[in-house]
Amino acid sequence: MEYKLPNLNYSYDYLEPYIDSKTMEIHHTKHHKTYIDNLNKAIKSNLNLSNKSLEEILKLSKQDIFIKNNAGGVYNHNFFWNILGKNYKINDISFFIKDINKYFGSFENFKKNFTKVSLNHFGSGWIWLCISKNNELIIGSTPNQDNPLMPDSNIQGIPILGLDVWEHAYYLKYQNRRIEYIKSFWNIINWKYVENLYNKNKK
Ligand code: MN
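Residues numbered from 1 in each chain as written. Predicted model: local features only at pLDDT ≥ 70, side-chain atom pairs only at ≥ 80, totals over all residues. Heavy atoms only, no water.

This next bit is on the coordination of the manganese ion. Taken together, His27 (NE2), His77 (NE2), Asp164 (OD) and His168 (NE2) make up the protein donors of the manganese ion, found 2.0 to 2.1 Å from the metal. Written as a sequence motif, the donor residues of the manganese ion are H-x49-H-x86-D-x3-H. Within this pair, whereas histidine 27 is found in helix 1 (residues 21-45), its partner aspartate 164 is found in strand 3 (residues 158-164), the two being separated by 137 residues in sequence. Taken as a pair, histidine 27 and aspartate 164 share a single burial class, namely buried. (Donors = N, O, S within 2.8 Å, 3.2 Å for Na, K, Ca; no water. Helix = DSSP H or I, 4+ residues; strand = E, 2+ residues; numbered from the N terminus. Buried < 20%, exposed > 50% of the residue type's maximum accessible area, 1.4 Å probe, protein only.)

Let's shift gears to unusual backbone geometry. Omega for the peptide link from glutamate 16 to proline 17 comes to 0°, which places this bond in the cis form. Turning to its location among the elements, proline 17 is positioned in the segment before helix 1. We note that asparagine 87 has phi near 70°; this positive angle belongs to a residue other than glycine. Positive phi values are uncommon outside glycine, yet asparagine 144 reaches one of about 55°.

Laid out in structure tokens, this is it:
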């Protein structure tokens, strides 16, 4: 099957002023698109992959760095656009907030931990909130386009929230100020979508 660049559920300027329109447009039509095109190329030259789902490809991908980077890039960006939105309040998500409080003490503490991991992550990569194999909520980061579904990832689990900390995600507006980008991120999370992922995947 051929992968296609998914449409966003919102316009490029929808997340302004937190993420600027130009960044969204380039991120979607250039960066994300390149991962899609490369994954399609990889599938064409490796017929074993053509009948596999994207999740299955991620699980196999440690054998081939080109497939790993591009399948990760496709999965991570598909995921990222879906967890972004506006006007969602964490307090409206009562079931999820209960478990956030259980594992992190409070929502503020969760935010603090997630922000710390985001700042400490060196170079490009992603920061994740995951359901671990023990069914707990955990925070961790992955380099490049790795993600927690890959068997060789240093954090293992099912992602329910993710933040792209590649400079392409924020450099036009924030330059080297990753902290300001992270602060903005908290205003544009689709908590309803995150909670649905949590409910669907929690055992
Ligand atoms: Mn990106």
